[in-house]
Amino acid sequence: MNRRVRVRFAPSPTGPLHMGGVRTALYNYLFARKHGGDFLLRIEDTDSHRFVPGAEEYILESLKWCGITIDEGVAEGGPHAPYRQSERREIYLQYAMQLIGSGDAYYAFDSAEELDALRAEYEARGEMFAYNFAVRGKLKISLNMSAEEIKRRIDQGETWVIRFKMPENELVEMDDLIRGRVVVNTSTLDDKVLYKSADSLPTYHLANIVDDHLMEISHVIRGEEWLPSLPLHYLLYRAFGWSSTQPEFAHLPLLLKPTGKGKLSKRDGDKMGFPVFPLLWKGADGEVSRGYREDGYFPEAFINMLALLGWNPGVEQEIFSMEELINLFSLEKVGKSGSRFDPEKAKWFNSQYLRMKPDEELAELYMPVLEGHGINTDKAVVTRVVGLIKERATFVSDFWGLSSYMFTAPTEYEAKAKDKFWKGENPARVAELRGILAGVADFSKENTEHVVHEWMVAKEYPMGQVMNSFRLAIVGQSMGPSMFEICEIIGKDETLARLDKALAVLG
RNA sequence: GGCCCAUUCGUCUAUCGGUUAGGACGUAAGAUUUUCAUUCUUAAAAGAGGAGUUCGACUCUCCUAUGGGCUACCA
């Protein structure tokens, strides 16, 4: 069977999209592109209670920022529209009814309170309550009722749910593209709810299978948290008679927190100082969660880092463009165990992408920052400065701290550098250097370097001492690129002014 | 508790029975540099434990341990 590759990313709009979700979307996207297939976005909003306004928009914007393009979805439309499950509600009931008709499902009239009481009762006895074949006999379900009673209850407006009738003691053999064969005995499973009359909405399990079938999904690539419900899904495909076109499954390992136990959660980011969301999120409760985008990460770096968390092409290369990821991607190379996220490596990826960016592009990003500091300079100058400092930066936001002295004179002098270099003959030599530079007409770095070197050699001055005290006077601290480079950029007048100021302030 | 999945340096990982177990992040040392950073070199750093199978096991099987997930009228 060689069918067209069609995959979907099916998030639930219950909050901002977590970076683990972005990775799932990414792997789906890479797989689709690699095989020339389709990538669909389906919104699974079948839980009316957990719906969060703005979450869907957030998901869409996140994927867009990441460069993950959608072929069919809520915004794009497509042959299987609508792609929002709440807009497909009338579809699901008929399928649930089909299962009732075939005997694979039944009505259950137990109230939530009754079930809670039952669970509490079991727990008190130290047992776990499972809604399965063992207890069906004593529950208020259609299997124990006459057709008249069922009809009467429904007609009277009792709320009901439709549950899957999980077979007893049957082995379900499943194949996962990442984990291989998995076998589960159905007796360990329970009768999951498929449809709720209270809000006329299906649960995930029903909606998911029906939609994947209707939308002709060929591969389901999702998080490992779904592995336990895979037998149910297999059985559902079988009950509907869709086994022959059932998609293949791949369950992705989870993302774990950098330290400690458990999977990566929103709290970790706040606590350990890194984003867990692609974009900044402002919750209705006023809570704000930082995002990779707002923290200054380039989407390419974020994607590159995420792609390698749980997948590896087996080559020693670390930096990959989206195109390269698409060409190299394969589910066989996805790891089986959870991956701990390392914020330090995320930063490293960003620094790599930062230095790969053209200086001019970075200058455009830096200009608004400079304007914020009241500096309006020529873009050519900014471009040149960026070229000199970008190898020391991780984010564009590091630029100001690394180059403010290129645009404005230092207001203070670093104490440590002062103690180290502003001593002995050095102040006098700097004063002498001021005189030398005042007489130089051509302030190009080649020329000033030549002149100053001649002078130091002639006077037999120690270069390290002179240059460092010179740097302290101009920069205010012990850092930065070549002094002659700096002088050329700030110009002769500014150079002399700063020397005068340093001589006056430092004594 | 039950069920399922997993287990190579601190972290991400390569290895698909025979390797000095490789790379990257981070860490440390050294070199380069007028300073800082970069860059370069080097170092420390791993097959959870125990049984098998095999001439040979990180690689296959089983057990244990540990980690993770699921166990809702949530996804």
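Everything in this summary refers to the structure shown in the same document. (Residues numbered from 1 in each chain as written. Chains lettered and ligands numbered in written order. Predicted model: local features only at pLDDT ≥ 70, side-chain atom pairs only at ≥ 80, totals over all residues. Heavy atoms only, no water.)

1. So, the pairing of strand 4 (residues 105–108)
Phase 1: Here strand 4 shows two buried faces, one formed by A105 and Y107 and the other by Y106 and A108.
Phase 2: By the bridge criterion, four bridges tie strand 4 to strand 5 (residues 161–164) in an arrangement that is antiparallel. Across the sheet, residue A105 finds its bridge partner in strand 5, namely F164. (Buried < 20%, exposed > 50% of the residue type's maximum accessible area, 1.4 Å probe, protein only. Helix = DSSP H or I, 4+ residues; strand = E, 2+ residues; numbered from the N terminus. Pairing = 2+ DSSP bridges.)

2. Let's talk about the sheet that holds strand 9 (residues 201–202)
Phase 1: Taken together, four strands build an open sheet; the order of strands is 4-5-8-9 and the sheet is antiparallel. In this open sheet, the two edge strands, each paired with only one partner strand, are strand 4 and strand 9.
Phase 2: Direction of pairing for strand 8 (residues 193–196) relative to strand 9: antiparallel, over a ladder of two bridges. The residue bridging Y195 from the neighbouring strand is P202, located in strand 9.
Phase 3: Strands strand 8 and strand 9 of the sheet are contacted by helix 6 (residues 204–214), whose axis makes an angle of about 95° with strand 8. (Contact = heavy atoms within 4.5 Å. Axes fitted to C-alpha atoms, helices over the stretch in contact; angles between N-to-C directions.)

3. Regarding the packing of helix 12 (residues 359–372) against helix 13 (residues 379–389)
Phase 1: In contact at an axis separation of 8 Å, helix 12 and helix 13 are set at 110° when each is read in the N-to-C sense. In terms of orientation, helix 12 lies roughly perpendicular with respect to helix 13. Across the interface between the two elements, D359, E360, L362, A363, E364, Y366, M367 and L370 of helix 12 pack against K379, V382, T383, V386 and G387 of helix 13.
Phase 2: A breakdown of the residues in the contact of helix 12 with helix 13 according to their chemical character gives seven nonpolar, two polar and four charged. (Parallel < 35°, antiparallel > 145°, perpendicular 65-115°, else oblique. Nonpolar A, V, L, I, M, F, W, Y, C, P; charged D, E, K, R; others polar.)

4. Topic: helix 6
Phase 1: With respect to burial, helix 6 is a largely interior element, nine of its 11 residues being buried.
Phase 2: What helix 6 keeps buried is the set Y204, H205, L206, A207, N208, I209, V210, D211 and D212.

5. Observations regarding the nonpolar core
Phase 1: Formed by 108 residues in total, the largest nonpolar core has its most connected members in M19, I68 and M305.
Phase 2: It is helix 19 (residues 483–506) that provides the largest number of residues to this core, a total of 10 residues.
Phase 3: Among all residues touching I68, those that are not within four sequence positions of it are V22, A25, L26, Y29, F39, L63, I303 and M322. (Core = buried A, V, L, I, M, F, W, Y, C linked by side-chain atoms within 4.5 Å.)

6. Looking at the protein's contact with RNA strand B
Phase 1: Lining the immediate surroundings of RNA strand B are 60 residues, of which D110, R179, R392, S478 and G480 lie closest.
Phase 2: Counted by atom, the contact set of RNA strand B within 4 Å of the protein is 72% sugar and phosphate.
Phase 3: L308 places a polar main-chain atom, nitrogen or oxygen, 2.9 Å from a sugar or linking oxygen of RNA strand B.
Phase 4: Within the side chain of N468, an N or O atom sits 2.8 Å from a sugar or linking oxygen of RNA strand B.
Phase 5: At the level of secondary structure, the elements contributing two or more residues to the surface near RNA strand B comprise helix 4 (112–124), strand 5, strand 7 (180–185), strand 8, strand 15 (339–340), helix 11 (343–356) and helix 18 (463–475).
Phase 6: Ranked by residues supplied to the surface near RNA strand B, first place goes to helix 18 with five residues. (Near = heavy atom within 4 Å. Polar contact = N/O pair within 3.5 Å; in protein donor to acceptor, adjacent residues only side chain to side chain.)

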